[in-house]
Each structure stands twice: as structure tokens, then as C-alpha cells.
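Structure at a glance
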Amino acid sequence: MPSEKRYFTVDEANTLVPWLQERFTCILQMRSQIRGLYQSLERLGHRPDPESLARDDGPTEVRTQRARFVGLMEALHQELAAITSAGIEIKDLDTGLCDFYSLHEGREVYLCWKLGEARIDFFHDLHAGFAGRQPLPRAREHGEPSSQSQFLAGTPGKPRVLN
């Protein structure tokens, strides 16, 4: 997680939704493969714990599965690091739930998105969690998010960070 908070407008967060969809599709596939390898190694009597994964002995099948397990774990960590280094907080890997810091009416809030949602449509207070999600205020005329007037305004692509 970055040491500085990055604050997003709704528009900035929405530009990252397609990228997040790709990342979480990969993450879910990797997690499924990792679970399968874990179960297979466990059945073979080689539970994948840090000690056993560091070993290079055993039958070829075990060594191959260990190597795949380690490679997938490394790739998974890289995907997660890419998301968090963009200033996005991952709240739930299984549902692809993410939060983006923003400011609304002078207070810090999270813009909230989860895998399967086409865009950012919700926000919540920092300690409210998913259950506290509220719909974004909408512009009355067009039914579109009123991101620039209601939430932190700025130049898209230029992160605002506060220490």
C-alpha cells in the first residue's frame, strides 16, 4: 500500500474500471489455480507451506506443482501490488471489491466499486464499509454522476496526494 493517500474524482476512478476488471479477472483465475494446486499438493502429502515450497526434492509431479504454485503466488502478488500502487484499496479479493479515496462535502470518503459493476456508482464513509454504500449524487438533468461538482475536483490523470 502506498504511504501517501491518492484522492480520486469519480471520473478518474471510472477510467480505471476497465483496467481493474482485467486485473480481477486474472486474480480470480490465479486464485482458482492456486487452490487447485494446494489441494493437489496436499493430497500428495506435500502441503504447500513456506518450508515445503522452499524444498526442491520429491517426485517430479510434486516439484512441478510446487514450482507452479510459487509462480502463481508471485504473479498474484504482482497483480495486487499494481492495484495498491495505483492508490486503490482492495477490500475483498473474492468479489473484487475496491475503494478509492475521495473527498465529498469536505470529508474523506471512499468511492466504491466491485467486479461486475460497469462504473463507480457508490460511495461510503471510511468506516461504514460495503453495507454503508450510498448511490452517488446524480445530475438531475442527465442522470449521470455529478462528479466534478460533488466530489474532489481536479485535472484527470494528475493525482492529488496528501501526506
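Below, the structure is looked at part by part. No experiment lies behind these values; they were computed from the predicted model shown.

Conventions and cut-offs
- Residues numbered from 1 in each chain as written.
- Predicted model: local features only at pLDDT ≥ 70, side-chain atom pairs only at ≥ 80, totals over all residues.
- Heavy atoms only, no water.
- Helix = DSSP H or I, 4+ residues; strand = E, 2+ residues; numbered from the N terminus.
- Buried < 20%, exposed > 50% of the residue type's maximum accessible area, 1.4 Å probe, protein only.
- Contact = heavy atoms within 4.5 Å.
- Areas by Shrake-Rupley, 256 points an atom, 1.4 Å probe, with all protein chains shown as cover.
- Expected span 1.5 Å × (residues − 1).
- Core = buried A, V, L, I, M, F, W, Y, C linked by side-chain atoms within 4.5 Å.
- Pairing = 2+ DSSP bridges.
- Axes fitted to C-alpha atoms, helices over the stretch in contact; angles between N-to-C directions.

Thoughts on the overall build of the protein chain
- Scanning the protein chain from N- to C-terminus turns up four helices and seven strands.
- Counting from the amino terminus, the protein chain carries its helices and strands in the arrangement β-α-α-α-β-β-β-β-β-α-β.
- Across the 163 residues of the protein chain, 39% fall into the buried class.
- Put simply, of all contacts in the protein chain between residues at least 6 apart along the chain, 52% involve residues at least 24 apart.
- For the protein chain, the exposed surface amounts to about 9,200 Å²; the carbon and sulfur share of it is 52%.

Digging into helix H3 (residues 60–85)
- An ideal rise of 1.5 Å per residue puts 38 Å on 26 residues; H3 measures up with 37 Å between its terminal C-alpha atoms.
- Burial in H3 covers these residues: Val62, Gln65, Arg66, Phe69, Leu72, Leu76, Glu79, Leu80, Ile83 and Thr84.
- On the buried face of H3, the contacting elements are helix H1 (10–43), helix H2 (50–54) and strand E2 (88–92).

Notes on H1
- Taking 1.5 Å of rise per residue, the 34 residues of H1 would be expected to cover 50 Å, and the 47 Å separating its terminal C-alpha atoms lies within 8% of that figure.
- Just downstream of H1 lies Gly45, where phi reads positive at about 85°.

Some points on the nonpolar core
- Core analysis: the biggest nonpolar cluster contains 28 residues, and Leu20, Ile88, Phe100, Leu111, Trp113 and Ile120 have the highest contact counts within it.
- At 11 residues, H1 tops the list of elements feeding residues into this core.
- Residue contacts for Phe100: discarding those within four places in its chain leaves Phe8, Ala13, Leu16, Leu20, Ile88, Val109, Tyr110, Leu111, Trp113 and Ile120.

Quick word on unusual backbone geometry
- Residues other than glycine seldom take positive phi values, yet Glu105 does so here, at roughly 50°.
- Its place among the elements puts Glu105 in the loop between strand E3 (97–104) and strand E4 (107–113).

Side note on the sheet that holds E4
- On the basis of which strands lie adjacent, the open sheet formed by five strands has the order E2-E3-E4-E5-E6 and antiparallel pairing. Either end of the sheet is taken by a strand with one partner, and the two such strands are E2 and strand E6 (134–135).
- Here strand E5 (residues 122–125) pairs with E6 via two bridges, running antiparallel. Residue Phe122 lies in a different strand from E6, and its bridge partner there is Pro135.
- Contacting E2, E3 and E4, H1 crosses the sheet at an angle of about 40° to E4.

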